[in-house]
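Examining the three-dimensional arrangement
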Amino acid sequence: MSTARQSALVVIDMINTYDHPDAELLVRSVREALPGVRRALASAREAGVDVVYVNDNFGRWRSHHDELVATALGGAHPDLVEPVLPDADSLFVVKARHSIFYQTPLEYLLQQTGVGHVVLCGQVTEQCVLYSALDAHIRHFDVTVVRDAVAHIQHDLARPALRMMERNMGARLVRAADLVW
């Protein structure tokens with residue numbers, strides 16, 4: 001990571017209804033990752049680092065951030081959503097596919113705010129986090145993944161996904177307690 005590049009914490013899909021076939025597998029992992037996500041959020045906010053939530057739209061094409069949050073809070077596990085809600089300073093980008101960059105304005109937003117380093121946390125390690133790390137890498141962003149702040153569905157794929165991000169995409173893997181902005 002180049003220290004001259006401004007950082008942003010990107011929170012992936014943590015505003016979630018947990019209303020899908022793999023939800024119960026994911027919920028267990030989210031409970032384990034939640035303290036790390038909260039620590040990463042607190043650290044970024046304390047340091048004045050931009051926090052960008054990039055979240056699925058639940059198929060609601062008219063959705064905006066308040067509607068997505070309300071839908072998630074009304075879902076099966078509001079206890080997993082409430083502790084990581086966006087604050088008034090958070091930025092919010094809606095996505096419809098696995099990557100935070102695919103057909104979203106995120107790359108433009110990051111360029112406009114001078115960000116060259118993305119710190120990723122959220123869900124799902126072996127899906128959206130992995131694909132987002134790859135897309136960040138091919139767009140020449142420095143990538144850090146907060147390994148204790150990502151949740152998985154398939155336990156057997158989580159560690160290899162993290163290893164792929166580190167090995168193939170040059171991602172730095174850190175614990176939330178070790179984040180330095």
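See the structure above.
Attention here is on the structure that accompanies the text. Note that the structure is a prediction, hence the values are computed from the model and not measured. (Residues numbered from 1 in each chain as written. Predicted model: local features only at pLDDT ≥ 70, side-chain atom pairs only at ≥ 80, totals over all residues. Heavy atoms only, no water.)

Remarks on the nonpolar core
Selection criterion: Buried residues of nine kinds, namely Ala, Val, Leu, Ile, Met, Phe, Trp, Tyr and Cys, make up a nonpolar core once their side-chain atoms join them within 4.5 Å. Only protein chains enter the accessibility calculation, which uses a 1.4 Å probe; a residue is then buried when its area is under 20% of its type maximum, exposed when over 50%, and partly exposed in between. Two residues form a contact once any of their heavy atoms are found within 4.5 Å.
Residues Leu9, Val11, Tyr18 and Leu41 are the most contacted members of the largest nonpolar core, which totals 33 residues. Beyond its immediate chain neighbours, meaning those up to four positions away, tyrosine 18 contacts Ala23, Leu26, Val27, Val30, Ala76, His77, Leu80, Val81 and Gln123. Counting 28 residues, the second-largest nonpolar core is a separate cluster that includes Val93, Val118, Val143 and Ala171.

Some details on unusual backbone geometry
Filter applied, for reference: Starting at the N terminus, helices and strands are each numbered in turn, a helix being any DSSP run of H or I of at least four residues and a strand any DSSP run of E of at least two.
For the bond from glutamine 123 to valine 124, the omega torsion is 5 degrees, close enough to zero to count as cis. Considering the arrangement of structural elements, one finds valine 124 in the loop between strand 4 (115–123) and helix 5 (125–138). Look at glutamine 103: it is not a glycine, yet its phi comes out positive at around 50 degrees. With a phi angle near 70 degrees, histidine 140 is a residue other than glycine that sits in the positive phi range. Checked against the element boundaries, histidine 140 lands in the loop between helix 5 and strand 5 (142–151). Judged by relative accessible area, histidine 140 falls into the exposed class, the value being 64%.

Some thoughts on the pattern of salt bridges
Inclusion rule: Definition used for salt bridges: Asp or Glu carboxyl oxygen within 4 Å of a side-chain nitrogen of Lys or Arg.
Evaluated as defined, the whole model comprises nine salt bridges. When the shortest N-O distance is used, the salt bridge between lysine 95 and aspartate 13 registers 3.0 Å. Residue lysine 95 is located in strand 3 (residues 91–95), and its partner aspartate 13 is located in the loop between strand 1 (6–12) and helix 1 (23–47); the two are separated by 82 residues in the primary sequence. Take aspartate 13: its relative accessible area is 5%, and that puts it in the buried class. A salt bridge links arginine 31 to aspartate 79; the shortest N-O distance between them is 2.7 Å. With a gap of 48 residues between them, arginine 31 in helix 1 and aspartate 79 in helix 3 (residues 78–81) connect regions that are remote in the sequence. Residue aspartate 79 is classed as partly exposed on the basis of its relative accessible area, which comes to 38%. Each of Asp13, Asp56 and Lys95 takes part in one network of salt bridges that share partners.

Quick notes on the environment of glutamate 46
Following the sequence through the fold, glutamate 46 ends up in helix 1. A C-alpha to C-alpha distance of 9.9 Å links glutamate 46 and tryptophan 181, two positions 135 residues apart in sequence.

Comments concerning the side chain of asparagine 55
As a reminder of what qualifies: Nitrogen and oxygen atoms within 3.5 Å of one another constitute a polar contact, given that in protein one can donate a hydrogen and the other can accept it, and given that sequence-neighbouring residues count only through two side-chain atoms.
Along the chain, asparagine 55 falls in strand 2 (residues 50–56). A distance of 3.4 Å separates a polar side-chain atom of asparagine 55 from the backbone nitrogen of methionine 14.

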